Amino acid sequence: MSNEQYLIVSYFFVGGLSIVIGMAAYACLRRPLAGLVRAFPNRNLASVIRKLFPAGLLLPALAGFLSVSYRSCDESYEAIIADRAYLVGKNQAQLSAICLFLMLAVLSWGIVVLLSLVSQLRRPGRAGDGEPNR
Amino acid sequence: MSAHNLTGFVILLALSLILTFTIWALVSKSLQGLLNQALKLPDGTTFYLRSFLIGLLLAAFAGALGTTFNFKPSDPFMEYVWKVAAGLHEACELCLGLLLGYLVLVTILVAVLRAKHEQ
């Protein structure tokens, strides 16, 4: 396989892998989150959190993948594909960035759930079951 | 990637995962008890425990994958050791950052929810 072929295959493979990793994290956390938001008196908030959750994990994974640039210091395309070790290093950097961005996203979702829990416990009697807060 | 570089990378990844599972084994039981006590919602406990484990695993992978092994077979053994140490350092830093973030999160969670439950 030539370096150019490797670049094309590995780029799309790692891009696909970023979505798979994001989906795997979502699959692990989907059920407990759904059970948790089911206890919220405000159904609208529960619905918003449930619907935003997949995007809130997939987009950071994708952002991590896209954050790594192959071009540094105005390198030409020929210079980039000349070195296979450089391409492998960039793939590793992409995977590392995916993991890092996803880790921060999971931590941020923990904060979002915490704030939701606190706000829902603050006025438990005021929001009717199944009725939106006004 | 040559066999030597691959071996170095696999050793680094294995050490990072050992670090992750050691932290998990040390903390998971007491964290589960604490979350059960504070949240009083089994799904909430599961969500925070799983997010902690996923965060630790991602920190280990991010640290290990961020290190590139690009040595020749003739390079001395200690070059590999230093590279593994540098990668492990990065994994440790990320795990520590996650632990700090999580510690702050759980402290706020316990403090706020305990106050609410007492009211």
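Residues numbered from 1 in each chain as written. Chains lettered and ligands numbered in written order. Predicted model: local features only at pLDDT ≥ 70, side-chain atom pairs only at ≥ 80, totals over all residues.

Describing the overall build of chain A
Right, on to step 1. Scanning chain A from N- to C-terminus turns up four helices and zero strands.
Right, on to step 2. Counting the 134 residues in chain A, one finds 28% classified as buried.
Right, on to step 3. Summarising the internal contacts of chain A: among those between residues at least 6 apart in sequence, 86% fall at separations of at least 24. (Helix = DSSP H or I, 4+ residues; strand = E, 2+ residues; numbered from the N terminus. Buried ≥ 20, exposed ≤ 12 C-beta atoms within 10 Å, placed from the backbone. Contact = placed C-beta atoms within 7 Å.)

What about the environment of glutamate 78 of chain A?
Residue and element names in this part refer to chain A.
Right, on to step 1. Inspection of the secondary structure puts glutamate 78 in helix H3 (residues 77-82).
Right, on to step 2. The exposure class of glutamate 78 is exposed, given the 8 C-beta atoms found within 10 Å.
Right, on to step 3. Taking the C-alpha atoms as reference points, glutamate 78 and serine 116, 38 residues apart in sequence, are found 51 Å from one another.

A look at the confidence of the model for chain A
Low pLDDT means the predicted coordinates in that region are not meant to be read closely.
All names here are of chain A.
Right, on to step 1. Across chain A, the average pLDDT comes to 85, with 90% of residues at or above 70.
Right, on to step 2. For chain A, per-element mean pLDDT is lowest for H3, which scores 86, and highest for helix H1 (residues 3-38), which scores 93.
Right, on to step 3. For the stretch residues 124-134, pLDDT sits under 50, and the model shows 10 contacts to residues farther than four places along the chain or on other chains. (pLDDT = per-residue confidence, 0-100.)

Some remarks on the interface of chain B and chain A
Right, on to step 1. With 26 residues of chain B at the contact, the number on the chain A side is 28 residues.
Right, on to step 2. By residue number, the principal contributor to the side of chain B that touches chain A is helix H2 (residues 42-65) of chain B, which donates 14 residues.
Right, on to step 3. Partitioned by chemical class, the residues of the side of chain B that touches chain A number 15 nonpolar, eight polar and three charged. (Nonpolar A, V, L, I, M, F, W, Y, C, P; charged D, E, K, R; others polar.)

Structural notes on the environment of glycine 56 of chain A
Residue and element names in this part refer to chain A.
Right, on to step 1. One can find glycine 56 in helix H2 (residues 43-66).
Right, on to step 2. Note on glycine 56: 17 C-beta atoms within 10 Å, which makes it partly exposed.
Right, on to step 3. In this structure, the C-alpha to C-alpha distance between glycine 56 and serine 108, residues 52 residues apart in sequence, is 9.3 Å.
Right, on to step 4. Non-local contacts of glycine 56, meaning those with residues more than four positions away in its chain, are made with Ala105 and Trp109.

Focus on the confidence of the model for chain B
All names here are of chain B.
Right, on to step 1. Averaged over all residues, the pLDDT of chain B equals 88, while 98% of them reach at least 70.
Right, on to step 2. Within chain B, the element-level pLDDT minimum falls on helix H3 (residues 77-118), averaging 87, and the maximum on H2, averaging 92.
Right, on to step 3. Scoring of the predicted complex yields 0.84 for pTM and 0.80 for ipTM.

Describing the packing of helix H1 (residues 3-39) of chain B against H3 of chain B
The description of two packed helices rests on the angle between their axes and on the distance between the axes.
Residue and element names in this part refer to chain B.
Right, on to step 1. Contact geometry for H1 and H3: axes closest at 10 Å, N-to-C directions at 10°. Considered as vectors, H1 and H3 are oriented roughly parallel to each other.
Right, on to step 2. For the contact of H1 with H3, the per-class residue count stands at 18 nonpolar, four polar and two charged. (Axes fitted to C-alpha atoms, helices over the stretch in contact; angles between N-to-C directions. Parallel < 35°, antiparallel > 145°, perpendicular 65-115°, else oblique.)

Here's the deal with H1 of chain A
Residues and elements named next belong to chain A.
Right, on to step 1. For H1, spanning 36 residues, the distance from its first C-alpha to its last is 51 Å, which sits close to the expected 52 Å at 1.5 Å a residue.
Right, on to step 2. Along H1, the largest kink reaches about 40° and is centred on arginine 30; proline proline 32 follows within four residues of it.
Right, on to step 3. Taken together, the buried positions of H1 are Leu7, Ser18, Ile21, Gly22, Ala25, Leu29, Pro32, Leu33, Leu36 and Val37. (Expected span 1.5 Å × (residues − 1). Bend = angle between axes of the 7 residues up to and from the residue.)

Brief notes about the packing of H1 of chain B against H2 of chain B
Residues and elements named next belong to chain B.
Right, on to step 1. Closest axis-to-axis distance for the H1/H2 pair is 9 Å, and the angle between their directions is 160°. Here H2 runs roughly antiparallel to H1, going by the angle between their axes. For the element pair H1 and H2, the recorded crossing hand is right-handed.
Right, on to step 2. Class assignment of the residues belonging to the contact of H1 with H2 gives a composition of 17 nonpolar, eight polar and no charged. (Left-handed = near helix turned anticlockwise from the far one by under 90°.)

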